[in-house]
Amino acid sequence: MNTIKTVLGYPRIGPARELKKAVEKYWSGDSDAAELETTARRLRADTWRDLAGRGLDVLPGNTFSYYDQMLDHVQLFGIVPDRFRGPSRLDTYFAMARGRDDVAPLELTKWFDTNYHYLVPELTEDTVFQLDPAKPLEDLTAARELGVDTRPVLIGPLTFLLLSKSVTPGFEPLSLLDRLLDAYADLLSQLESAGAEWVQLDEPALVQDRTPAELDALRRAYDRLATLTDRPRLLVATYFGDPGPALPVLTSTAVDGLAVDLVSAPGLVDQLAVLPSLRRKTVVAGVVDGRNVWRTHLGDALSTCTKLLGSVGQLAVSTSCSLQHVPYDVEAEDDLDPRVRERLAFARQKVDEVVVLGRALSEGPGVLVDLGNPSGGPVEESGLIREQSVRDRAAAIRPADRQRPPYDERRTAQESIGLPALATTTIGSFPQTADIRRARADLRTARIDAATYDELMRAEIARVIGLQEELGLDVLVHGEPERNDMVQYFAEQLDGFATTKHGWVQSYGSRCVRPPILYGEVSRPAPMTVPWTSYAQSLTERPVKGMLTGPVTILAWSFVRDDQPLAVTADQVALSLRDEVADLVSAGIRIVQVDEPALRELLPLRAAEQKAYLDWAVGAFRLATGGAPAGVQIHTHLCYSEFGAVIAGIDGLDADVTTLEAARSRMEILGDLAAAGFRRAVGPGVYDIHAPRVPSQEELADLIGRALAAVPGDRLWINPDCGLKTRGYAEVIPALRHLVEAARTARS
Ligand code: GLN
Ligand code: ZN
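Now for a quick tour of the structure. These figures come from a predicted structure and were not determined experimentally. (Residues numbered from 1 in each chain as written. Chains lettered and ligands numbered in written order. Predicted model: local features only at pLDDT ≥ 70, side-chain atom pairs only at ≥ 80, totals over all residues. Heavy atoms only, no water.)

1. A word on the sheet that holds strand β2 (residues 59–61)
Think of a sheet as strands paired side by side through backbone hydrogen bonds, with each pair either parallel or antiparallel. The parallel open sheet is built from eight strands, whose spatial order is β1-β12-β11-β10-β9-β8-β6-β2. Among the strands making up the open sheet, the edge pair consists of β1 (4–5) and β2. Across three bridges, the pairing between strand β6 (residues 150–155) and strand β8 (residues 198–202) is parallel. Bridging from a neighbouring strand, Val153 pairs with Gln200 of β8. (Pairing = 2+ DSSP bridges. Helix = DSSP H or I, 4+ residues; strand = E, 2+ residues; numbered from the N terminus.)

See the structure below:
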């Protein structure tokens with residue numbers, strides 16, 4: 001029997017970010033819906049042709065989206081909140097994603113432990129699902145017209161409900177399950193009539209801890225869907241981890257196939273190989289990593305698949321999850337060091353790996369040589385990866401290196417910085433103006449030389465320092481004009497990282513990022529921020545805060561090595577940052593902020609693994625900052641809310657000052673911090689920088705009042721929620737004026 005070759009999903013932004021450009025053009029009114037649809041159709045057709053041409057047997061369908069796949073399901077199930085209804089289906093859709101005038105958009109949050117963000121559907125106890133299946137049906141037919149059979153991909157009912165939020169207090173979204181299943185049943189029957197042979201139902205929520213009631217709901221859902229008579233065959237996909245107790249529940253139902261992530265849960269294969277219930281089912285073995293960029297070790301992947309051959313009804317070889325988390329094509333990266341490049345596989349290359357593995361299972365392992373080096377991966381012994389001095393240094397780390405003097409001693413030593421109670425500061429970046437972006441682009445294309453670029457950045461820093469003095473802020477920043485991105489800026493200067501030219505990955509909607517590739521031992525050949533920070537400090541009597549990105553965030557927003565534990569890589573990054581802190585201190589800087597906005601993002605999906613993660617994550621931060629003398633004040637900054645699960649970690653960072661995103665939740669976090677016994681200084685953001693508006697002085701005073709109710713004034717800082725880089729000066733100047741004024745009033 002031939003092994004089927006497929007993938008669970010594919011990028012949709014276009015190899016040159018065509019979708020981003022088309023969507024933004026439509027938003028700005030420079031194109032109409034017809035033009036946007038034409039681009040979308042072309043991108044979708046190009047993907048189908050490419051994937052079919054590379055030799056996949058079954059293609060995932062319905063993977064295209066104008067913004068987000070969860071948002072697509074809000075329209076699919078007819079649960080658009082009234083406030084968004086607009087003149088057309090498309091405008092309603094974008095209104096939910098981006099808001100409109102005075103209407104706030106749906107909440108945006110991270111998709112499991114990835115840096116992809118989805119829009120959170122809103123449910124109430126009165127929610128009525130009204131199926132509107134035009135999108136998946138049209139997608140299926142359009143592919144068919146090109147001669148391509150697709151397997152429509154949908155979010156499964158459990159994951160859909162578990163990721164939605166109830167806007168009726170105390171109401172459980174899961175209680176809508178039966179009503180939602182009616183809609184799925186209707187949808188499945190329509191897809192079957194339209195000729196779909198299979199449908200893929202994505203259930204990544206099953207790799208998180210689930211209660212007995214949720215597992216029971218899972219059983220009910222798939223018992224019901226599987227016993228429908230008019231339906232395509234059902235493939236349930238779990239990914240990003242081990243489905244654990246959800247696995248026997250799923251296999252006991254009559255679903256036809258199961259897709260499993262054997263990259264994040266390699267041990268699962270032995271369990272699957274002996275499950276009698278799989279003898280009559282299709283198993284889609286996710287052996288090609290959909291989330292990282294290394295070439296697959298084909299020999300290992302082949303032996304994993306071989307374990308299943310003969311013990312499951314039908315074997316398919318696939319990616320561990322959708323390829324939407326990796327860039328399109330390594331071939332586009334002509335500037336990469338060939339020794340790094342030859343180890344990489346982006347989406348296209350991963351499809352080729354799936355195809356050759358499928359062939360090897362039918363025709364024998366000999367065909368693997370068709371893809372060249374059959375081992376791949378970042379692990380090969382080569383001077384590129386092994387830098388003995390880095391490993392020696394990491395091996396010599398002692399517990400004391402992660403330990404600063406006691407907090408009270410630090411507080412006393414830091415009094416000489418001379419800060420008032422309710423000290424005011426910002427989070428680091430000031431608006432990235434068109435002039436700044438132009439200077440960076442001009443440097444890249446050699447229209448200006450490095451000296452001219454430096455001059456432009458220094459002028460910008462001088463302007464930002466002058467502005468902050470005029471506004472009366474207490475702790476100043478240089479404004480980060482020289483940083484394209486808070487991770488990429490450091491990755492470009494550290495050894496062990498490569499950056500790409502076209503390696504874009506969708507983060508949310510039209511926002512794409514180019515994660516750096518961490519391929520080797522990390523070290524710092526030269527100071528990275530010292531000249532800019534010292535220059536800023538030379539312009540003012542007030543303290544200037546040095547600004548670094550923390551080790552966990554650098555890892556979270558990069559593609560990382562998979563040949564050693566993340567904890568080991570994190571310590572290497574931390575040692576480089578530790579040297580940077582030391583150099584800043586030698587240059588006379590008294591305050592250093594180490595940002596960790598992604599601390600929450602890397603938190604493992606299973607509670608049992610979270611403590612171990614927090615231990616190494618916190619340890620790496622402390623290694624980065626642990627060399628700072630008592631008199632140097634260490635700040636950290638965290639955002640992207642939902643701190644609950646990492647409160648203990650925040651305390652563990654042992655920063656002197658912690659600034660947090662808190663304006664949207666109206667200071668809720670302060671109660672949680674107090675309950676956790678947190679006693680160091682904190683700056684809960686009072687100015688919500690995610691909205692393009694100027695908060696009034698009264699509004700800010702109100703939030704400061706709330707904060708003062710939870711934190712004594714000498715431990716409270718007054719600052720915005722996050723960096724100001726995405727805002728314009730027209731809002732930032734009056735907002736900061738109000739902020740400084742509100743702090744002064746509160747102080748007196
Ligand atoms: N220092 C960074 C800035 O101000 C922090 C950004 C972030 O938290 N995402 O831009
Ligand atoms: Zn932030």
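2. Comments concerning the coordination of the zinc ion (ligand 2)
In the first shell of the zinc ion (ligand 2), the protein supplies His637 (NE2), Cys639 (SG) and Cys722 (SG), at 2.1 to 2.4 Å from the metal. In this structure, the zinc ion (ligand 2) is surrounded by four donor atoms whose angles at the metal cover 92 to 124 degrees, and the resulting shape is tetrahedral. Donor residues for the zinc ion (ligand 2) sit on one chain with the sequence pattern H-x1-C-x82-C. With a gap of 83 residues between them, Cys639 in the loop between β20 (633–638) and α23 (647–652) and Cys722 in the loop between β23 (717–718) and α26 (729–747) connect regions that are remote in the sequence. You can call Cys722 buried: its relative accessible area is 16%. (Donors = N, O, S within 2.8 Å, 3.2 Å for Na, K, Ca; no water. Tetrahedral: all angles 85-135°; square planar, octahedral: opposite > 155°, others 65-115°. Buried < 20%, exposed > 50% of the residue type's maximum accessible area, 1.4 Å probe, protein only.)

3. Focus: empty space enclosed by the protein
The full count for this structure, using the stated rule, is four cavities of 30 Å³ or more. The calculated volume of the largest cavity comes to roughly 200 Å³. In terms of lining, the largest cavity is formed by 19 residues, of which the most central are Arg12, Gln69, Val153, Asp202 and Gln324. Of all the elements in the fold, those that place two or more residues in the lining of the largest cavity are α3 (69–76) and β6. The residue makeup of the lining of the largest cavity, split by class, is seven nonpolar, eight polar and four charged. (1 Å grid on protein atoms, 1.4 Å probe; cavity = no way out; pocket = protein on both sides within 12 Å on 5 of 7 lines; lining within 4 Å. Points joined across faces, edges and corners; volume = space filled by probe spheres on them. Nonpolar A, V, L, I, M, F, W, Y, C, P; charged D, E, K, R; others polar.)

4. Some words on the pattern of salt bridges
Counting across every chain of the model gives 59 salt bridges. Between Asp352 and Arg54 there is a salt bridge, and its shortest N-O distance comes to 3.0 Å. Here Asp352, found in helix α13 (residues 347–363), pairs with Arg54, found in helix α2 (residues 33–54); they are 298 residues apart in sequence, far enough to count as distant. Asp352 sits in the partly exposed class, given a relative accessible area of 22%. Given a relative accessible area of 25%, Arg54 falls into the partly exposed group. (Salt bridge = Lys/Arg side-chain N within 4 Å of Asp/Glu carboxyl O.)

5. A short note on the site of ligand 1
In the neighbourhood of ligand 1, 13 residues make up the surrounding shell, with Ser429, Glu480, Asp595, His637 and Lys725 lying closest. Measuring from a nitrogen atom of ligand 1, one finds a side-chain N or O atom of Glu480 at 2.9 Å. His637 is positioned with one of its side-chain polar atoms (N or O) 3.1 Å from an oxygen atom of ligand 1. Contact with the protein chains hides 97% of the accessible area of ligand 1, taken as 300 Å² for the molecule alone. Its residues assigned to classes, the shell around ligand 1 comprises six nonpolar, four polar and three charged. (Near = heavy atom within 4 Å. Polar contact = N/O pair within 3.5 Å; in protein donor to acceptor, adjacent residues only side chain to side chain. Areas by Shrake-Rupley, 256 points an atom, 1.4 Å probe, with all protein chains shown as cover.)

6. Overview of the sheet that holds strand β21 (residues 657–660)
As summarised here, the arrangement of the five strands in space is β18-β19-β20-β21-β22, forming an open sheet in which the pairing is parallel. This sheet does not close on itself; its edge strands, each paired only once, are β18 (545–549) and β22 (681–684). Within the sheet, the average angular offset between the axes of one strand and its neighbour, ignoring direction, is 20 degrees. Two elements, strand β19 (residues 591–595) and β20, share five bridges in a ladder whose sense is parallel. (Axes fitted to C-alpha atoms, helices over the stretch in contact; angles between N-to-C directions.)

7. Notes on the packing of α2 against α13
Taken N-terminus to C-terminus, the directions of α2 and α13 make an angle of 35 degrees; their axes are 9 Å apart at the nearest point. For the element pair α2 and α13, the recorded crossing hand is right-handed. Facing α2, whose interface residues are Asp50, Leu51 and Arg54, α13 presents Arg348, Val351, Asp352 and Val355. In terms of residue class, the contact of α2 with α13 is made up of three nonpolar, no polar and four charged. (Left-handed = near helix turned anticlockwise from the far one by under 90°. Contact = heavy atoms within 4.5 Å.)

8. Regarding the layout of surface pockets
Roughly 1300 Å³ of internal volume is contained in the second largest pocket. Lining the second largest pocket are 43 residues, and of these Asp113, Arg291, Val560, Leu566 and Leu602 lie nearest its centre. Broken down by secondary-structure element, the contributors of at least two residues to the lining of the second largest pocket are β15 (505–508), α20 (551–556), α21 (566–586) and α22 (610–625). By residue number, the principal contributor to the lining of the second largest pocket is β15, which donates three residues. Looking at side-chain class alone, the lining of the second largest pocket contains 22 nonpolar, 11 polar and 10 charged residues.

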